Amino acid sequence: MTAQPVDSTDLWAGLPTLDEPPAPVWEDPVPLAGPRKLAPFPTASLPGWLREFVAAVAEETQTPVDLAGCIALSVLATAAGGRAVVQVRGHWREPTNLYVVVSLPPANRKSAVFGLLTDPLYEAEQQLRTLVQPAIVEAEMTARLAKEAADKATAKAASASSDERDQLVATAIALAQTADSVTVPAKPQLLADDTTAETVTSRMAEQGGRISVMSAEGDIFDIIAGRYSGKPNMGVFLKGHAGDRLKVDRQTREEYIEHPALTMGLCVQPQVLDDIGRQDGFKGRGLLGRFLYSVPESLVGRRKIEPDPIPEQVMETYRRHVLDLTLFLAEWTDPALIQLTPEAVAALKAFQARVEPMLEARGGIMGQIGDWGGKLVGATARMAALLHLAEHLTKGHTVPVVEGTMRDAIALAEYFISHSLAAFDSMGADRIVERARTVLEVLHTHGWREVSKRDLMVKLSRSEFRTANDLDPVLALLEDHGYVRAQAVQRSGGRGRPPSPRYLIHPRLTDPTA
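Residues numbered from 1 in each chain as written. Predicted model: local features only at pLDDT ≥ 70, side-chain atom pairs only at ≥ 80, totals over all residues. Heavy atoms only, no water.

Another aspect to go through is the sheet that holds strand 2 (residues 92-95). Adjacent strands of a sheet form backbone hydrogen bonds with each other and so pair up, either parallel or antiparallel. Here three strands make up an open sheet; going across it, the order is 2-1-10 and the pairing mixed. Because the sheet does not close on itself, it has two edges, and the strands there are strand 2 and strand 10 (336-338). Adjacent strand axes in the sheet meet at a mean angle of 30° when their direction is disregarded. Note that strand 1 (residues 84-89) and strand 2 share four bridges and pair antiparallel. (Pairing = 2+ DSSP bridges. Helix = DSSP H or I, 4+ residues; strand = E, 2+ residues; numbered from the N terminus. Axes fitted to C-alpha atoms, helices over the stretch in contact; angles between N-to-C directions.)

If you want it as structure tokens, here you go:
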């Protein structure tokens, strides 16, 4: 049998040539951002009496339990802020004030919830004023009499003969110094509504370094942004959270606060968060990173018509316990020191070890809100101290925070992670994701299968990408999500500009059926 000649083209048919490497295999790209899964508010983390009241308020008002739960934390921070600190470890101490903001649309009965939660604070404020009123009256009388005596002595010295004047002047000076030395106590104040930065500073100075801004509206953000001054004025709001020394030295006033403790409990409409994200005054200053955010789902349209009312005993227990805690801590001049058990310290350290990778700029879920995430462990320690004080009331400084309480605070922190990520999405804080969407649009428009970084920069707006370095985190994000693949840079070894990095592009960007 005669062998038939073999056509070499048949052997190589369908196989790639040396000049044509096999086409890369692509998996479906991961969307840059989608609806976030929000954690439910962990009511089980609250002490029993507080948990029952929060649940009852949510039921009667038919509002998300998140609202009452977050405002309850602000109430505890109002009672303890400036009057208690938590010893974390070494020289690390955290104050016990908090900044909390809840985002809810209109018609969610925010004012009703605020009223139910804050009523005992106003009652405590009134009781403190009643207690100090006799001292105020006495000091005012003493100051008035001393001033009158100084004025009379001054008038007498002015009309005295030369041989008597020196002695009378000395007497007048002594009486004037006595009058100036009389200090009239300020009326105790725990709460302030929407107010200016200057007023907040003055109130803290008067109140021994603490005040709380609690509001069911978002006007405070407009005030911080400069509604009255024309420019952002957030110094007191930055230092009031961290406890950094605050000194005001102006022609009209001079105030100094060694350890300011400002608490903020706010509920705003979602549009407020959107507006904040567009205001340059809030970006890069660190204020937004100090808030714990909650963005619960509204119940409007699904509310009960006849909900269960708050049981009287539950309301009375809440009222009594908030009063007891507030009035007890109000007596402290040096703050009460809250200690942690070794087990609680270990739990917090383990949580910190879990949080740290989340802050990685490339790939960490909090990489783009590192300013916020970097403060989370400290906020967790603060919440643990507040839960501890709520559990022990007037004896919290005598026993340390146990591991279970710390784990309750960690559960709250995990809740705030998911909600704060959603809040920052609304505020447009994740600029890299926004820029990544811009790059995807350019890639789609030009239909490239492969592109160099240099050629891509030519097509991008220099107002958004000023330098090639601005593009690096965007390309890294797109690579993490499977939209592009970095190619190995082939260096020639010669002089001159190095070759620009090149990227393969997912075929789905040019062909949706690929």
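The subject of this paragraph is the sheet that holds strand 12 (residues 484-486). Strand order in this open sheet of three strands is 11-13-12, and the pairing throughout is antiparallel. Each edge of the open sheet is held by one strand with a lone partner, namely strand 11 (450-452) and strand 12. Across the sheet, the mean angle separating the axes of adjacent strands is 30° when strand polarity is ignored. As defined by bridge partners, strand 12 adjoins strand 13 (residues 502-505) across three bridges and the pair is classed as antiparallel. Residue pairing across strands places A486 opposite Y503, the latter belonging to strand 13. Contacts from helix 17 (residues 472-480) reach strand 12 and strand 13 within the one sheet, and its direction differs from that of strand 12 by about 115°. (Contact = heavy atoms within 4.5 Å.)

A few words now on the packing of aromatic side chains. Applying the stated criterion across every chain yields a total of eight aromatic pairs. Both rings, one in F53 and one in Y318, keep their centres 3.9 Å apart while their planes meet at 10°; by these two values the pair is stacked. Of this pair, F53 sits in helix 2 (residues 48-61) while Y318 sits in helix 10 (residues 312-330), and the two are 265 residues apart along the sequence. Grouping residues by exposure puts F53 and Y318 together as buried. (Phe/Tyr/Trp six-rings, centres within 6.5 Å; stacked < 30°, edge-to-face > 60°. Buried < 20%, exposed > 50% of the residue type's maximum accessible area, 1.4 Å probe, protein only.)

Before going further, it helps to spend a moment on the side chain of S45. Here S45 lies in the loop between helix 1 (8-12) and helix 2. Residue class for S45 comes out buried when judged on its relative accessible area of 5%. A polar atom in the side chain of S45 sits 3.2 Å from the backbone oxygen of D408. Excluding residues that lie within four positions of it along the chain, S45 makes contacts with L387, D408, A411 and L412. (Polar contact = N/O pair within 3.5 Å; in protein donor to acceptor, adjacent residues only side chain to side chain.)

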